[in-house]
Amino acid sequence: MQRHYVRPAGSPPTNGYSHAVAFTGTTVVVSGQVPLDAEGRLVGADDAREQTRQVFRNIESALAAAGASMSDVVKLTVFLTDMADLPAFRAARDEFISLERPPASSLVQVAGLVSPDFRVEIEALAVRPD
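Residues numbered from 1 in each chain as written. Predicted model: local features only at pLDDT ≥ 70, side-chain atom pairs only at ≥ 80, totals over all residues. Heavy atoms only, no water.

1. Observations concerning the overall build of the protein
At step 1: Within the protein, the regular secondary structure consists of two helices and six strands.
At step 2: The linear arrangement of helices and strands in the protein, starting from the amino end, is β-β-β-α-β-α-β-β.
At step 3: Taken against the 2.2 N^0.38 rule, which gives 14 Å for 130 residues, the C-alpha radius of gyration of the protein at 14 Å falls within 12% of a compact globule.
At step 4: Considered along the principal axes of its C-alpha atoms, the protein spans approximately 40 × 35 × 20 Å.
At step 5: Counting all 130 residues of the protein, 41% fall into the buried class.
At step 6: Sequence-distant contacts in the protein: of pairs separated by 6 or more residues, those separated by 24 or more amount to 73%.
At step 7: Of the accessible surface of the protein, which amounts to about 6,700 Å², a share of 51% is contributed by carbon and sulfur atoms.
At step 8: For the protein, the centre of its 12 positive side-chain charges and the centre of its 16 negative side-chain charges are spaced 8 Å apart. (Helix = DSSP H or I, 4+ residues; strand = E, 2+ residues; numbered from the N terminus. Rg over C-alpha atoms; globule rule 2.2 N^0.38 Å. Buried < 20%, exposed > 50% of the residue type's maximum accessible area, 1.4 Å probe, protein only. Contact = heavy atoms within 4.5 Å. Areas by Shrake-Rupley, 256 points an atom, 1.4 Å probe, with all protein chains shown as cover. Lys, Arg positive; Asp, Glu negative; His and termini not counted. Charge placed at Lys NZ, Arg CZ, Asp CG, Glu CD.)

See the structure below:
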């Protein structure tokens, strides 16, 4: 069970996230995913939107292995190397999440990721209903 508090009274406006999500069930923690395909090749060199799409595809694969899906995600933590990529990230993210019941989210700009070719990395927390 999930209960999304997108914008509680007194909270500032949101853009694709909930201020809080309450849930019960089995927790699934997905490690930070990067824009590599199943063969380990970089997807979307110099293209933040394509990199973000690949990251979300990787999150979907990890969730499926644990018996969950994107609709079960309650929290995302996003790491961007360039805040100029924020519109591209949001456009790609909105292809994968429910805009009516978005997960809680944090977004952090970082100096770099494990590869200098990576523009984005995302961790996910999901809850699989019991």
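2. As for the pairing of strand S1 (residues 2-5)
At step 1: Burial of S1 is one-sided: the residues Gln2 and His4 facing one way are buried, the residues Arg3 and Tyr5 facing the other way are not.
At step 2: Pairing geometry for S1 and strand S2 (residues 20-23), over four bridges, is antiparallel. Residue pairing in the sheet places Gln2 in a bridge with Phe23 of S2. (Pairing = 2+ DSSP bridges.)

3. Focus on the pattern of salt bridges
At step 1: By the definition in use, this model includes seven salt bridges.
At step 2: Here Asp37 and Arg41 are joined by a salt bridge, their closest N and O atoms 3.1 Å apart.
At step 3: A salt bridge links Asp85 to Arg119, with the shortest nitrogen-to-oxygen separation between them at 2.8 Å. Of this pair, Asp85 sits in the loop between strand S4 (73-80) and helix H2 (86-93) while Arg119 is found in the loop between strand S5 (104-109) and strand S6 (120-128), placing the two residues 34 residues apart along the sequence.
At step 4: Through salt bridges with shared partners, a single ionic network connects Arg49, Glu50, Arg53 and Glu95. (Salt bridge = Lys/Arg side-chain N within 4 Å of Asp/Glu carboxyl O.)

4. With respect to the nonpolar core
As a rule of thumb, soluble globular proteins bury nonpolar side chains together.
At step 1: In terms of nonpolar packing, the biggest core is built from 20 residues, with Phe56, Ile59, Leu63, Met70 and Ile122 touching the most fellow members.
At step 2: Among the secondary structure elements, those contributing two or more residues to this core are strand S3 (26-33), helix H1 (48-65), S4, H2 and S6.
At step 3: Those residues in contact with Leu63 that lie beyond four places of it in its chain are Val28, Val30, Ala68, Ser69, Met70, Val73 and Ala126. (Core = buried A, V, L, I, M, F, W, Y, C linked by side-chain atoms within 4.5 Å.)

5. Thoughts on the side chain of Arg93
At step 1: Following the sequence through the fold, Arg93 ends up in helix H2.
At step 2: Residue Arg93 is classed as buried on the basis of its relative accessible area, which comes to 4%.
At step 3: Leave out the neighbours within four places in its chain, and Arg93 touches Asn15, Gly16, Thr52 and Phe56.

6. Focus: the sheet that holds S6
Note on sheets: strands pair through backbone hydrogen bonds, and any given pair is parallel or antiparallel.
At step 1: The strand order across the open sheet formed by four strands is S3-S6-S4-S5, and the pairing between neighbours is mixed. Each end of this open sheet is capped by a strand with a single partner; those strands are S3 and S5. Each neighbouring strand pair of the sheet contributes to a mean axis angle of 10 degrees, computed without reference to strand direction.
At step 2: Sheet analysis places S3 next to S6, joined by six bridges and oriented antiparallel. Of the residues in S6, the one forming a bridge with Val30 is Ala124. (Axes fitted to C-alpha atoms, helices over the stretch in contact; angles between N-to-C directions.)

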